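Letter by letter, the chains look like this.
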Amino acid sequence: MLALGVNAHASVTLGLFGLPLVMPDLQRFFGLSLPVAGIVANAPAIGVLFALVPWGVLADRHGERLVLGVGVGLAAVLFGAVTLVSGVWAVVALLALAGAAGSAAMVGGGRIVLRWFRPPERGVAMGLRQVSYTLGMAVAAFVLPPVSRAHGIPGVLGVCAAVSLVAAVLAALFLAEPPHDAPGAGAAPAGSPYRQPALWRVHATSALHAVPQIVVSTYGVACLVHVYGWDGVQAGQLFGVAAVGGAVVRIAVGRWSDRTGLRMAPLRLLTFGSLAVLTLLLVGTFTGSWPGTVMLALAAVITVAGNGLAYLAAGELAGPGAAGRVLGTHNTVQNVVALAVTPLAGLLITHEGYWAGFAAGLVCALVSVPVIPVRGERGAHTTPAGVT
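The structure presented is a predicted model; accordingly, all values stated were derived computationally and were not measured.

1. A word on the domain arrangement of the protein chain
Next, step 1: We note that the domain assignment places domain 1 (1–174) and domain 2 (194–372) within the protein chain.
Next, step 2: The gap between the C-alpha centroids of domain 1 and domain 2 is 19 Å.
Next, step 3: Listed as interface residues are 45 residues of domain 1 and, on the opposing side, 51 residues of domain 2.
Next, step 4: In total, about 3,900 Å² of surface goes out of reach between domain 1 and domain 2, with carbon and sulfur atoms giving 71% of it.

2. Quick look at the nonpolar core
Next, step 1: Judged by nonpolar contacts, the single largest core of 92 residues is most densely connected at Phe-79 and Leu-95.
Next, step 2: The element contributing the most residues to this core is helix α8 (residues 119–174), with 15 residues.
Next, step 3: Residue-level mapping places this core at the junction of two domains, with at least three residues from each of domain 1 (1–174) and domain 2 (194–372).
Next, step 4: Counting 31 residues, the second-largest nonpolar core is a separate cluster that includes Val-202, Leu-309, Ala-314 and Ala-322.

3. Describing the pattern of salt bridges
Next, step 1: Taken as a whole and judged by the stated rule, the model has nine salt bridges.
Next, step 2: Residue Arg-28 is joined to Asp-25 by a salt bridge in which the shortest nitrogen-to-oxygen separation is 2.3 Å. Placement of the pair is Arg-28 and Asp-25 together in helix α2 (residues 23–30), with a separation of three residues, close to one helical turn.
Next, step 3: A salt bridge links Arg-111 to Glu-64; the shortest N-O distance between them is 2.5 Å. Pair noted here: Arg-111 is in helix α7 (residues 104–116) and Glu-64 is in helix α5 (residues 64–82), with a separation of 47 residues, a long-range link.
Next, step 4: Since its relative accessible area comes to 5%, Arg-111 is described here as buried.
Next, step 5: Connected through shared salt-bridge partners, Asp-60, Glu-64, Arg-111 and Arg-115 make up one network.

The rules behind each value
- Residues numbered from 1 in each chain as written.
- Predicted model: local features only at pLDDT ≥ 70, side-chain atom pairs only at ≥ 80, totals over all residues.
- Heavy atoms only, no water.
- Domains from an automatic or database assignment.
- Contact = heavy atoms within 4.5 Å.
- Buried area = accessible area lost by both parts, 1.4 Å probe.
- Core = buried A, V, L, I, M, F, W, Y, C linked by side-chain atoms within 4.5 Å.
- Buried < 20%, exposed > 50% of the residue type's maximum accessible area, 1.4 Å probe, protein only.
- Helix = DSSP H or I, 4+ residues; strand = E, 2+ residues; numbered from the N terminus.
- Salt bridge = Lys/Arg side-chain N within 4 Å of Asp/Glu carboxyl O.

Right, here's the structure in full:
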């Protein structure tokens with residue numbers, strides 16, 4: 001069940017988040033400035049923004065099989081439809097609709113972890129589930145730039161449609177309900193889960209962490225091409241290697257979390273690591289020195305390493321009965337930030353340079369440190385929902 005969820009999310013990730021990897025080709029194909037190309041590349045996030053919570057409610061009521069089969073399948077159709085239009089805003093509209101449909105995989109996969117795994121197993125399980133994003137980005141990094149060079153942007157969209165369609169069929173055929181409630185899953189808290197202040201702080205933490213993640217993932221390839229003179233394919237491959245490293249780190253972090261029974265304390269330590277890497281990246285990019293390329297690869301790994309911990313904490317605080325809605329809200333918060341940050345960072349980079357975009361990410365990571373709800377968190381899985 002976990003593998004089916006990972007496959008669905010990884011497959012649709014190519015189309016939802018892989019387009020920034022061919023940003024230079026998008027600029028040439030449509031004749032766009034960098035900020036507008038950033039909007040096109042991240043257009044699926046517009047649809048994701050509005051669809052995550054409805055998909056979560058639907059998953060809470062009808063399960064993951066329906067949600068993944070229908071949502072990812074519809075995304076495949078829409079990716080294919082994009083190849084039939086040429087206007088920039090028509091492309092944006094169809095990509096936004098594809099994002100709305102494909103976001104079903106982002107919610108459904110998280111519910112699988114909460115329903116099929118015990119609390120001491122969820123960190124690794126969520127790490128594996130979160131590998132779906134890094135796995136999808138790794139495949140995108142190695143596949144999409146060469147496809148774009150050989151067949152153009154229509155070829156890229158055709159690949160995104162094909163892999164999403166296969167994943168949707170597999171999910172619709174083989175996903176099932178757990179034979180019984182997962183031991184230790186617990187019941188949904190009485191009333192709204194948002195009566196817990198910790199849940200709001202988990203959402204806020206992820207919102208702040210999304211800023212450096214979006215800056216690095218959206219403009220990292222372009223930075224290597226424009227600042228360091230890298231070939232576009234080689235730059236994409238570097239991010240592919242970073243995605244593989246990110247997958248390993250997420251699983252290791254999940255195991256660390258399971259052994260300690262803590263979610264937020266490891267996340268805070270990862271944030272300190274991000275601060276160090278982003279500081280060195282800022283200095284390297286500002287001076288144009290070679291350490292900037294190394295720090296850019298490390299930033300692509302560490303800025304996403306803690307996503308699974310925050311996502312899992314949000315789901316555990318919600319309880320399985322409200323997990324779909326809360327996880328949908330959690331991802332919606334992140335995508336609101338992504339939608340705002342993408343053009344703003346593009347404008348900042350255009351006028352000041354790539355170092356300024358990385359500086360903005362550094363500031364947000366620093367602000368997040370006191371927001372992370374570590375105080376009162378209890379280990380050994382005595383009460384994952386006891387974070388305050």
